[in-house]
Amino acid sequence: MNATKPHSRKTDLTVTHVLAELLERLERSKVPVGAEQYRSVVQHLASELGDVEPGTALGALLDSHPAAAELYENVNYQYAGLCRSELDASLAAERQAKEILDRAMSRTLNRSIPPHKEDPTHGKS
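Here goes a summary of the coordinates provided.

**Considerations on the overall build of the protein chain**
Scanning the protein chain from N- to C-terminus turns up six helices and zero strands. Taken from N to C terminus, the helices and strands of the protein chain fall in the order α-α-α-α-α-α. A separation threshold of at least 6 residues defines the contact pool for the protein chain, and within that pool the share at least 24 residues apart is 57%. Per element, the accessible surface of the protein chain, about 10,200 Å² overall, is 55% carbon and sulfur.

Spelled out as structure tokens, the structure:
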């Protein structure tokens, strides 16, 4: 019988911290950053964030690294939603998205209904 070990989470955040720092630098860079470099850092950081033990140490790291916090929130959205965003900002974003979707839906409906054209001879004999 094969016994599987439960996935143990990392408690050492050294690599996560280095990647979070690097992402912050890339985000604030005045010099254009290559897409591959940016993508690589984000993918590595996302992987690390998936392996670290949630808790105070991770919370402190995310509090001091906004780009990493946003990535963490995006990666964990399916489980916790916008868990690190302020409620007012989250609610405003949700309302804005709903308004945009409502406008798009109404435009789609308006295009599918042909406009009514008056018959110029209607009512004339």
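**Observations regarding the environment of aspartate 51**
Among the secondary structure elements, aspartate 51 is positioned in helix H2 (residues 35-51). Using a relative accessible area of 24% as the deciding quantity, one classes aspartate 51 as partly exposed. Considered as a pair, aspartate 51 and lysine 10 are 41 residues apart in the sequence and their alpha carbons are 5.9 Å apart.

**Brief notes about H2**
In this model, H2 (17 residues) spans 24 Å end to end at C-alpha, consistent with the 24 Å of a helix rising 1.5 Å per residue. Listed in full, the buried residues belonging to H2 are Val41, Leu45, Ala46, Glu48 and Leu49. An end-on view of H2 places all buried positions within 165° of arc, on one side of the element. Of the exposed residues in H2, those oriented more than 90 degrees away from the buried face are Ala35, Glu36 and Gln43. Residues of H2 that are buried make contact with helix H1 (14-28), helix H3 (56-64) and helix H4 (66-75).

**Brief notes about the nonpolar core**
Counting 18 residues, the largest nonpolar core has Leu45, Leu49, Leu58 and Leu62 as its most contacted members. Those elements that place two or more of their residues in this core are H1, H2, H3 and H4. Ranked by the residues each element gives to this core, the list is headed by H4, at five residues. Leave out the neighbours within four places in its chain, and leucine 45 touches Thr16, Leu19, Ala20, Leu23, Ala68 and Leu71.

**Some points on the side chain of glutamate 48**
Among the structural elements, glutamate 48 can be located in helix H2. The class for glutamate 48 is buried, based on a relative accessible area of 12%. The contacts of glutamate 48, once residues within four sequence positions are left out, are Lys10, Val15, Thr16 and Leu19.

**Describing the packing of H2 against H4**
Between H2 and H4, whose axes approach to 10 Å, the crossing angle comes to 65°. The orientation of H2 with respect to H4, classified from their angle, is roughly perpendicular. For H2 against H4, the interelement crossing comes out right-handed. Residues Val42, Leu45, Ala46 and Leu49 of H2 lie in contact with H4, whose contacting residues are Ala68, Leu71, Tyr72 and Val75.

**Describing the packing of H1 against H2**
Relative orientation of the contacting elements H1 and H2 amounts to 145°, with a least axis distance of 9 Å. As H1 packs across H2, the resulting crossing turns out to be left-handed. In this structure, H1 contributes Val15, Thr16, Leu19, Ala20, Leu22, Leu23, Leu26 and Glu27 to the contact, and H2 contributes Gln37, Tyr38, Val41, Val42, His44, Leu45, Glu48 and Leu49. For the contact of H1 with H2, a count of residues per class yields 11 nonpolar, three polar and two charged.

Here is what the cut-offs are and how they apply
- Throughout, residues of each chain are indexed from 1 in the direction in which the sequence is written.
- In keeping with the model being predicted, local features are shown solely for residues with a pLDDT of at least 70 and side-chain atom pairs are shown and tallied solely at 80 or more, while totals for entire chains, interfaces and linings include all residues.
- To obtain the side-chain values, all non-hydrogen atoms of the structure were used and water was disregarded.
- Secondary structure elements follow DSSP: runs of H or I of four or more residues count as helices, runs of E of two or more count as strands, with numbering from the N terminus.
- Note on contacts: a residue pair qualifies if any of its non-hydrogen atoms lie within 4.5 Å across the two residues.
- Accessible surface is estimated by sampling points in the Shrake-Rupley manner with a 1.4 Å probe; for residues, cover comes only from the protein chains shown.
- The rule is simple: take the accessible area with a 1.4 Å probe, protein chains only, and divide by the maximum for that residue type; under 20% is buried, over 50% is exposed, in between is partly exposed.
- A helix is expected to span 1.5 Å multiplied by its residue count minus one.
- Here the arc refers to the directions that run from the helix axis out to each C-beta atom.
- In these notes, a set of buried Ala, Val, Leu, Ile, Met, Phe, Trp, Tyr and Cys residues joined through side-chain atoms within 4.5 Å is what counts as a nonpolar core.
- Working convention: axes come from line fits to C-alpha atoms, limited for helices to the stretch in contact. Angles between N-to-C directions cover 0 to 180 degrees.
- Here the angle decides the label: under 35 degrees means roughly parallel, over 145 means roughly antiparallel, 65 to 115 means roughly perpendicular, and every other value means oblique.
- Each crossing is labelled by how the near helix is turned from the far one, with a counterclockwise turn of less than a right angle marking it left-handed and a clockwise turn marking it right-handed.
- Under this grouping Gly is polar, as are all residues other than the nonpolar Ala, Val, Leu, Ile, Met, Phe, Trp, Tyr, Cys and Pro and the charged Asp, Glu, Lys and Arg.

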